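# Descriptive analysis of the structure
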Amino acid sequence: MSEDRYKKGLEMLKMMHPKSYGELADNLKDIAPDLARFVAEFPYADVYTRPGLDLKTRELVTIASLTTLGHAQTELKSHILGALNVGCTREEIVEVLIQMAVYAGFPTALNAVYTAKEVFEELDNEE
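Predicted model, so just to flag it, every value in this text is computed and none were measured. (Residues numbered from 1 in each chain as written. Predicted model: local features only at pLDDT ≥ 70, side-chain atom pairs only at ≥ 80, totals over all residues. Heavy atoms only, no water.)

### Quick word on the UniProt feature "domain: Carboxymuconolactone decarboxylase-like" (unreviewed entry) in the protein
Under the UniProt annotation, the feature "domain: Carboxymuconolactone decarboxylase-like" (unreviewed entry) is placed at residues 33-116. With 82% helix and 0% strand, residues 33-116 has its two end C-alpha atoms placed 29 Å apart. (UniProt positions renumbered as here; feature names shortened; annotations may be inferred. Helix = DSSP H or I, 4+ residues; strand = E, 2+ residues; numbered from the N terminus.)

Structure (structure tokens):
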């Protein structure tokens, strides 16, 4: 069963976060390889594949949550890319970040907007 979960999670990750999961697995292989596996299995095999919400909505909710944490910029960056990979627009992402100013405060929302700007600029420079 676990191997099936892992494969299912990897497929979702390849679609949503093709670069960041490989980097995560590489960074953890010497110290905590199981943690990378857990990331593939639980959120991506068990949660992201559930019915009820489409991937765009799941990514926007994740972006909102990571923004409110205020200290997960690496993960926020990865999920902004993931959101773009599943069809979210830059405008939708920015609107979520602006909405978070109401609930997480302006400094937190501004940090998230700066993170989004960094992601957008990196993508523009690749083109």
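### So, the packing of aromatic side chains
Per the stated rule, a full pass over the model turns up one aromatic pair. Ring centres of Tyr44 and Tyr48 lie 4.7 Å apart, and the angle between their planes is 15 degrees; this geometry places the pair in the stacked category. Summarising the burial analysis for this pair, Tyr44 and Tyr48 share the class buried. One cation-aromatic arrangement involves Arg37 over Tyr6; the distance from NZ or CZ to the ring centre is 4.2 Å. (Phe/Tyr/Trp six-rings, centres within 6.5 Å; stacked < 30°, edge-to-face > 60°. Buried < 20%, exposed > 50% of the residue type's maximum accessible area, 1.4 Å probe, protein only. Lys NZ or Arg CZ within 6 Å of the ring centre and 35° of its normal.)

### Remarks on helix α1 (residues 2-16)
The α-helix winds at 3.6 residues per turn, so residues separated by three or four positions along the chain end up facing the same way. Under the 1.5 Å per step criterion, the end-to-end length of α1 is 21 Å for 15 residues, consistent within 8% with the ideal 21 Å. Next to the buried residues of α1 lie α2 (18-28), α3 (33-47), α4 (55-69) and α5 (73-85). (Expected span 1.5 Å × (residues − 1). Contact = heavy atoms within 4.5 Å.)

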